Each structure stands twice: as C-alpha cells, then as structure tokens.
Amino acid sequence: MKKNEIIKKFIKDRNIQAEILYFKDTVESVEAASKASGIPPEKIVKTLLVKVNGEIIAVLIPGNNRLDYKKLKKVTNSKRVRLLYPHEVKNISGFEIGEVSPLTPLFTKLKVIADRKIQDLDVVLVGGGTLKSLVKIKVKELIRVIDPLITDVTK
C-alpha cells in the first residue's frame, strides 16, 4: 500500500473529518509547509518520534516551537530522552522524516503526548504521509482520534 493510501484508509476507516492536501513542492519542513499552504507555522503540527527510557513515544508540538527535553523527561519520569534517528523513524513508521503523520495505525499503539498549545488552535496541518502532502484537521478531531496526554513539553 502506498504511503498516502495508509493515511486515506486510516481517515476513512475511522470516519475522521479531515482533508488531505497535495502540493507541487515538498512540505517536509515547517517552513516549506507554511510557504506552500499559506498557513502560519504555529498551525502546522510537528510529529516527533522520541525514545524515552527505551520506549518509543510520539510527541506533537506546534511548528513554531521546539521540544523541551527537560520538560519531556519530567512528564515521562525519564532520565534518557532523544529523537529517533532518521533510519529508526523509517523502520518503525514506514515514513521518512517530513512524512510522518499521527493519522496512521502506528499511533494507536504508541503513547502520544501533545503540547498544550495545540489545544488552543482550531484547525491545523499535520504530516500527510508523503513529502508533498499534509492533512488539514480540526484540533478537537485530532485529539479525539489520537487521545494524547496534553501537557507542556515545548520551549
């Protein structure tokens, strides 16, 4: 199954109210996604895969923020926290850096943390499964689907 088909199927099977957007240019970074979509960086949600004491978790943060490792360590009661390397992201998710979407079956198996700033937004863009796609979704719908722990994990 093609990468974008995984996202389409996940959205359809779970009756998620979302729209997949396709772009001529790549949207693998917040800056590129903002430029291509016209959406400000704070409304583009980064999906990070992180290793916490040996366990893989997902962290969603607004595009204009950075992950605060100290806060994440405190929230997860962990001593060791690091972003996954690109090859680990690919092996675990099937997606390259810049393609990862929280709207995949993988996220039903992972612990997910969303930065609290996300809940203040109405509509956001998340990864769409390819370097040229994003998914537009209401934050309330995203939270309903992925059921994250909502807390402060950004700088």
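Residues numbered from 1 in each chain as written. Predicted model: local features only at pLDDT ≥ 70, side-chain atom pairs only at ≥ 80, totals over all residues. Heavy atoms only, no water.

Asker: It is not clear to me how the environment of Leu-83 should be interpreted in this structure. Could you clarify?
Answerer: Relative to the elements of secondary structure, Leu-83 occurs in strand β4 (residues 81-83). Its relative accessible area of 37% is what places Leu-83 among the partly exposed residues. Discounting residues that sit within four places of it in the chain, Leu-83 has contacts with Leu-48, Leu-49, Val-50, Leu-67 and Tyr-69. (Helix = DSSP H or I, 4+ residues; strand = E, 2+ residues; numbered from the N terminus. Buried < 20%, exposed > 50% of the residue type's maximum accessible area, 1.4 Å probe, protein only. Contact = heavy atoms within 4.5 Å.)

Asker: Honestly, the sheet that holds strand β1 (residues 18-22) in this entry has me stumped. Any pointers?
Answerer: Backbone-to-backbone hydrogen bonds join strands into a sheet, with any given pair of strands oriented parallel or antiparallel. Read from one edge to the other, the open sheet built from 3 strands follows the order β1-β7-β6, with strand pairing classed as antiparallel. Two strands lie at the open edges of the sheet, namely β1 and β6 (123-127), each paired on one side alone. Here the average twist between neighbouring strands, direction ignored, is 30°. Summarising the sheet, β6 and strand β7 (residues 133-138) pair through 5 bridges and their orientation is antiparallel. Bridged to Leu-125 within β7 is Lys-136. (Pairing = 2+ DSSP bridges. Axes fitted to C-alpha atoms, helices over the stretch in contact; angles between N-to-C directions.)

Asker: Would you take a moment to explain unusual backbone geometry for this structure?
Answerer: Trans peptide bonds make up most of the peptide bonds, and negative phi angles are found at most residues other than glycine. For Asn-15, which is not glycine, the phi dihedral falls at a positive 55°. Tracing the chain through its elements places Asn-15 in the loop between α1 (3-13) and β1.

Asker: Looking at this model, I keep getting lost on a positive patch on the surface. Mind explaining?
Answerer: A surface patch of positive charge is lined by Arg-66, Lys-70, Lys-73 and Lys-155. Mapping Lys-73 onto the fold places it in helix α3 (residues 69-76). Taking the relative accessible area as the measure of exposure, Lys-73 reaches 32% and is therefore partly exposed. (Patch = residues over 30% accessible without salt bridge, like charges linked within 9 Å, V, L, I, M, F, W, Y side chains within 5 Å. Areas by Shrake-Rupley, 256 points an atom, 1.4 Å probe, with all protein chains shown as cover. Salt bridge = Lys/Arg side-chain N within 4 Å of Asp/Glu carboxyl O. Lys, Arg positive; Asp, Glu negative; His and termini not counted. Charge placed at Lys NZ, Arg CZ, Asp CG, Glu CD.)

Asker: What am I meant to see in the pairing of β7 here?
Answerer: Remember that side chains alternate between the two faces of the sheet whenever the strand is regular. Strand direction decides the pairing type here: β1 and β7, joined by 5 bridges, are antiparallel. Note on β7: the bridge partner recorded for Ala-18 is Ile-137. From the end of β6 to the start of β7, which pair antiparallel, there are 5 residues, and Gly-129 there has a positive phi angle of about 95°.

Asker: Hey, could you run me through the nonpolar core in this one?
Answerer: The tendency in soluble globular proteins is for nonpolar side chains to be buried side by side. The biggest cluster of nonpolar side chains holds 30 residues, and the ones touching the most others in it are Leu-60, Leu-103, Val-124, Val-126 and Leu-142. Within the residue set of this core, elements represented by two or more residues are α1, β2 (45-52), β3 (55-62), β5 (111-115), β6, β7 and α5 (139-146). It is α5 that provides the largest number of residues to this core, a total of 4 residues. For Leu-142, the residues in contact, after removing those within four places along its chain, are Leu-60, Pro-102, Leu-103, Val-124, Val-126, Ile-137 and Asp-147. Among the nonpolar cores identified, the runner-up in size contains 11 residues, and Val-50, Ile-61, Leu-67 and Leu-72 belong to it. (Core = buried A, V, L, I, M, F, W, Y, C linked by side-chain atoms within 4.5 Å.)

Asker: What is the right way to look at the pattern of salt bridges in this model?
Answerer: Oppositely charged side chains can form a pair if their charged atoms are brought close together. Under the criterion given, the structure shown has 9 salt bridges. Ionic pairing is found between Asp-115 and Lys-117, a salt bridge with its closest N-O pair at 3.7 Å. Measuring nitrogen to oxygen at the nearest pair gives 2.9 Å for the salt bridge that ties Glu-141 to Arg-144. Placement of the pair is Glu-141 and Arg-144 together in helix α5, with a separation of 3 residues, close to one helical turn. Residue classification places Glu-141 among the buried residues on the basis of a relative accessible area of 14%.

Asker: Before we go on, may I ask you to explain the sheet that holds strand β8 (residues 149-151) in this structure?
Answerer: Taken together, the 5 strands give an open sheet; going across it, the order is β4-β2-β3-β5-β8, and neighbouring strands pair in mixed fashion. Where the open sheet ends on each side, the last strands, each with one partner, are β4 and β8. Here the strands of the sheet are splayed against their neighbours by 30° on average, with no regard to which way each runs. For β5 and β8, the ladder comprises 3 bridges, and the chain directions are parallel. Looking at β8, one finds that Asp-115 is bridged to Thr-151. The strands touched by α3 are β2, β3, β4, β5 and β8; relative to β4, the strand with the most contacts, the crossing angle is about 125°.

Worth remembering: the numbers are spatial, not functional.
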